[in-house]
Amino acid sequence: MSDEHYFTADPSVPFKRAPVTVPVWGHELELVTGSGVFAQGRLDIGTAVLFRETPPPTGGRLLDLGCGYGVIGLAAAVAAPEAQVCAVDVNERALLLARDNARSLGVAERYSALLPDQVPAEAAYDEIWSNPPIRIGKQALHGLLLTWLPRLAPGGRAVMVVGKNLGADSLQRWLGEQGWPTTRLASAKGFRVLETRRAED
């Protein structure tokens, strides 16, 4: 089945919800996923690796880039009660699920799920967390990252999980070449966890 519908504003497949229980950072999150949204009914392997190989953020302004049904940003909001989380996706069905999940978890006051053009131009973030949509293609992915990485505050960082067979190592090199020094935090189950830092101004 094509992944293309994950990256469209209004997926054509019928909308069917599916519950999932996600153990993450010491919490059990009861979430709802849906058809036409990435990782319906499950926690995908890459995101599971991201959670297992990293400690949670401790607070601040966080961005979940390519949020899907919201699991990364919601886990951050639950784990870090001081965090303010913005979740971004082009899939409006994903955003609907993310908002519903935020309400059910009681974090809606600190969590917003938005289309990219709904994010205020002046918004900046201490950390970006992402399982980025590698399958949109290299050029589109590069454009996505070069659009959002500059939103990091000075000294901020981005934490991403990328499949090795989907170009994690070449992406790490490319980010460094673009002036975004990137290190590998972990490697597990065919995935790399990468950390990109913005220099202190």
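Anything mentioned here points back to the structure above.
No experiment lies behind these values; they were computed from the predicted model shown. (Residues numbered from 1 in each chain as written. Predicted model: local features only at pLDDT ≥ 70, side-chain atom pairs only at ≥ 80, totals over all residues. Heavy atoms only, no water.)

(A) Broad picture of the sheet that holds strand β8 (residues 182–188). Strand order in the open sheet made by the 7 strands is β5-β4-β3-β6-β7-β9-β8, with mixed pairing throughout. Two strands close off the open sheet at either side, each with one partner strand: β5 (111–114) and β8. When strand polarity is set aside, the average angle formed by the axes of neighbouring strands in this sheet is 15°. Bridging between β8 and strand β9 (residues 191–197) involves 6 bridges; their strand directions are antiparallel. Pairing of R184 across the sheet is with L194, part of β9. Together, β4 (84–88) and β5 form the strand contacts of helix α3 (residues 92–105), whose direction differs from that of β5 by roughly 170°. The sheet strands contacting helix α4 (residues 138–148) are β3 (61–65), β4, β6 (125–130) and β7 (152–163), and the helix crosses β3 at an angle near 170°. (Pairing = 2+ DSSP bridges. Helix = DSSP H or I, 4+ residues; strand = E, 2+ residues; numbered from the N terminus. Axes fitted to C-alpha atoms, helices over the stretch in contact; angles between N-to-C directions. Contact = heavy atoms within 4.5 Å.)

(B) Up close: the pairing of β5. Relative to β5, β4 runs parallel, the two sharing 4 bridges. Bridging from a neighbouring strand, C86 pairs with S112 of β5. Read as a crossover between parallel neighbours, the route from β4 over α3 to β5 is right-handed. (Right-handed = clockwise from strand over helix to strand, strands pointing away.)

(C) How the structure looks around the packing of aromatic side chains. Counting across every chain of the model gives 2 aromatic pairs. For the pair W25 and F51, a centre-to-centre distance of 4.9 Å together with 75° between the ring planes defines the contact as edge-to-face. With W25 in the loop between β1 (17–24) and β2 (27–34) and F51 in helix α1 (residues 45–53), this residue pair connects regions lying 26 residues apart in the sequence. Take W25 and F51: they sit in the same class, and that class is buried. An angle of 85° between the planes, with centres 5.5 Å apart, marks the rings of W25 and W129 as edge-to-face. Pair noted here: W25 is in the loop between β1 and β2 and W129 is in strand β6, with a separation of 104 residues, a long-range link. In this structure, W25 and W129 share a single accessibility class: buried. One aromatic cluster is present, built from ring pairs that chain together W25, F51 and W129. (Phe/Tyr/Trp six-rings, centres within 6.5 Å; stacked < 30°, edge-to-face > 60°. Buried < 20%, exposed > 50% of the residue type's maximum accessible area, 1.4 Å probe, protein only.)

(D) Quick look at the nonpolar core. Counting residues in hydrophobic clusters, the biggest one holds 39 residues, and the most contacted among them are V22, L31, Y69 and Y111. The dominant element in this core, judged by the number of residues it contributes, is helix α2 (residues 71–79), at 6 residues. The next biggest cluster of nonpolar side chains, apart from the first, holds 23 residues, and it includes L63, C86, A123 and A168. (Core = buried A, V, L, I, M, F, W, Y, C linked by side-chain atoms within 4.5 Å.)

(E) Main features of helix α5 (residues 168–177). Among all positions in α5, only A168, L171, Q172, W174 and L175 are buried. Viewed end-on, α5 has its buried residues packed into an arc of 165°, placing them on one side of the element. For α5, the exposed residues set more than 90 degrees away from the buried face come down to R173 and E177. Buried residues belonging to α5 abut α4, β7, β8 and β9. Positive phi appears at G179, one or two residues downstream of α5, with a value of about 90°. (Arc of directions from axis to C-beta.)

(F) A look at α3. For α3, which comprises 14 residues, the first-to-last C-alpha distance of 20 Å matches the rise-based estimate of 20 Å (1.5 Å per residue) to within 8%. Those residues of α3 lying buried are R93, A94, L95, L97, A98, N101 and A102. Turning to α3, the residues buried within the fold contact β1, β2, α2, β4 and β5. The residue sitting at the N-terminus of α3 and contributing the capping side-chain oxygen is N91; that oxygen lies 2.9 Å from the backbone nitrogen of R93. A positive phi of about 75° marks G106, the residue just after α3. (Expected span 1.5 Å × (residues − 1). Polar contact = N/O pair within 3.5 Å; in protein donor to acceptor, adjacent residues only side chain to side chain.)

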